[in-house]
Amino acid sequence: MEAKNSKLEYFDIKNLPLVVDVVVPLWSPPIGDKEFKRFNVEYIVRMNMFDNDLNYQLVDAEDGTLLSSAFLAKKGDVSKADEWFSEASKKYPDNLKIASKMSHDYIELMDKRTFTLMNDDDIKLSLFVSRKPGCGSLIIDRLLPMLHKEGFKNLYLYTDCDCNWQWYAKRGYTLVQEDIYKPFSDEHENYKTYIFKKEIQA
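In this report, we go over the structure that sits alongside the text. (Residues numbered from 1 in each chain as written. Predicted model: local features only at pLDDT ≥ 70, side-chain atom pairs only at ≥ 80, totals over all residues. Heavy atoms only, no water.)

## Focus on the layout of surface pockets
Move 1: Space inside the largest pocket adds up to approximately 1200 Å³.
Move 2: Around the largest pocket sit 39 residues that line it, and Leu 26, Trp 27, Leu 127, Asp 160 and Cys 163 are the ones nearest its centre.
Move 3: Looking at the lining of the largest pocket, the elements that each hand over two or more residues are helix H1 (16–27), helix H2 (34–47), helix H4 (94–117), strand E4 (123–130), helix H5 (135–149), strand E5 (154–160) and helix H6 (166–170).
Move 4: Broken down by element, the residue count for the lining of the largest pocket peaks at six residues, all from E4.
Move 5: When the residues that make up the lining of the largest pocket are grouped by side-chain class, the tally is 25 nonpolar, 11 polar and three charged.
Move 6: Considering only enclosed or pocket space, the second largest pocket measures out at about 270 Å³ in volume.
Move 7: Contributing to the lining of the second largest pocket are Met 47, Phe 50, Asp 77, Val 78, Ser 79, Ala 81, Asp 82, His 104, Ile 107, Glu 108, Asp 111 and Phe 115.
Move 8: Put simply, the parts of the chain that give the lining of the second largest pocket at least two residues each are helix H3 (81–88) and H4.
Move 9: Looking at the lining of the second largest pocket, the element that brings in the most residues is H4, giving five residues.
Move 10: Each residue belonging to the lining of the second largest pocket can be placed in one class, and the counts come to six nonpolar, two polar and four charged. (1 Å grid on protein atoms, 1.4 Å probe; cavity = no way out; pocket = protein on both sides within 12 Å on 5 of 7 lines; lining within 4 Å. Points joined across faces, edges and corners; volume = space filled by probe spheres on them. Helix = DSSP H or I, 4+ residues; strand = E, 2+ residues; numbered from the N terminus. Nonpolar A, V, L, I, M, F, W, Y, C, P; charged D, E, K, R; others polar.)

## A few points about the packing of H1 against H2
Move 1: Look at H1 against H2: their axes get within 9 Å of each other, and the N-to-C directions meet at 110°. The orientation of H1 with respect to H2, classified from their angle, is roughly perpendicular. Here H1 runs over H2; the crossing is right-handed. Between H1 and H2, the contacting residues are Leu 16, Pro 17, Val 19, Val 20, Asp 21, Val 23, Val 24 and Trp 27 on the first element and Arg 38, Val 41, Glu 42, Ile 44, Val 45 and Arg 46 on the second.
Move 2: Residue classes in the contact of H1 with H2 are distributed as 10 nonpolar, no polar and four charged. (Axes fitted to C-alpha atoms, helices over the stretch in contact; angles between N-to-C directions. Parallel < 35°, antiparallel > 145°, perpendicular 65-115°, else oblique. Left-handed = near helix turned anticlockwise from the far one by under 90°. Contact = heavy atoms within 4.5 Å.)

## Overview of the nonpolar core
Move 1: In terms of nonpolar packing, the biggest core is built from 23 residues, with Leu 72, Ile 123 and Leu 155 touching the most fellow members.
Move 2: Those elements that provide at least two residues to this core are strand E2 (55–60), strand E3 (66–74), E4, H5, E5 and strand E7 (192–199).
Move 3: With seven residues, the top contributor of residues to this core is H5.
Move 4: When neighbours within four sequence positions are excluded, Ile 123 is seen to be in contact with Leu 54, Leu 72, Ala 73, Met 118, Leu 147, Phe 152, Asn 154, Leu 155, Tyr 156 and Ile 200.
Move 5: Grouped together as the second largest cluster of nonpolar side chains are 22 residues, Phe 39, Ala 99, Tyr 158 and Tyr 181 included. (Core = buried A, V, L, I, M, F, W, Y, C linked by side-chain atoms within 4.5 Å. Buried < 20%, exposed > 50% of the residue type's maximum accessible area, 1.4 Å probe, protein only.)

## Quick look at the environment of Asp 53
Move 1: Following the sequence through the fold, Asp 53 ends up in the loop between H2 and E2.
Move 2: According to the relative accessible area criterion, Asp 53 is partly exposed, its value standing at 48%.
Move 3: Taking the C-alpha atoms as reference points, Asp 53 and Ala 202, 149 residues apart in sequence, are found 21 Å from one another.

## Quick look at the state of the cysteines
Move 1: Across all of its chains, the model carries zero disulfides by this definition.
Move 2: Of all cysteine sulfurs in the structure, the one in Cys 161 sits closest to Cys 163, which takes part in no disulfide; the separation is 8.4 Å. (Disulfide = S-S within 2.5 Å.)

## Looking at the environment of Cys 163
Move 1: If you trace the backbone, Cys 163 turns up in the loop between E5 and H6.
Move 2: C-alpha of Cys 163 to C-alpha of Thr 193: the two residues are 30 residues apart in sequence and 9.7 Å apart in space.

## A short note on the pattern of salt bridges
Opposite charge on two side chains allows them to pair when their charged atoms are near.
Move 1: Applying the stated criterion to the full structure yields 13 salt bridges.
Move 2: Of the charged contacts in the structure, one is a salt bridge between Asp 94 and Lys 97, with a shortest N-O distance of 3.5 Å. Of this pair, Asp 94 and Lys 97 both sit in helix H4, three residues apart, which is roughly one turn of that helix.
Move 3: As a salt-bridge pair, Asp 141 and Arg 171 come within 3.1 Å of each other at their nearest N and O atoms. Taken together, the positions of Asp 141 in helix H5 and Arg 171 in the loop between H6 and strand E6 (174–180) put the pair 30 residues apart, joining distant regions of the chain.
Move 4: What makes Asp 141 partly exposed here is its relative accessible area of 38%.
Move 5: You can call Arg 171 partly exposed: its relative accessible area is 29%. (Salt bridge = Lys/Arg side-chain N within 4 Å of Asp/Glu carboxyl O.)

Quick look at the structure:
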């Protein structure tokens, strides 16, 4: 898709279900029914949305269809996902919410590791989701010049072995930390995590 056929704007929370639709097949926990799986995935998405004005979406310039979204955070930003979770999770039993606790602990740790590496003029890409091939890369390409103009120096992000982490190295990101997350590892395979950064240029 050409950039001229798309428009970058602030994320509309009404589009959150469309983002969840994309990642439910990838991030659903192994327990619970379809409703709980979707709930848990929405919690993961919300944990990657921080209380700031750095949540964006790329939409079709003609009909407004959501193409992709990207959520970013500065050092010190906080997420309000737990406030949402405390209310939305009441109908689920504690034995199911174990999966949500595991997701929370992992994201909290990786956020902490990433923020620790950052300076105040760096920014973290928490999550980007594409609903159309190529639009994930496109939204990042559209954001970088804007972030440069606003004075940000480096873009940080974390990912793991369940994702296509090699994609970042191919696009000029530098691997700055590699680790093992023991709660997701087993006797057959270590669950590896990766933190990348990229200098933000105009």
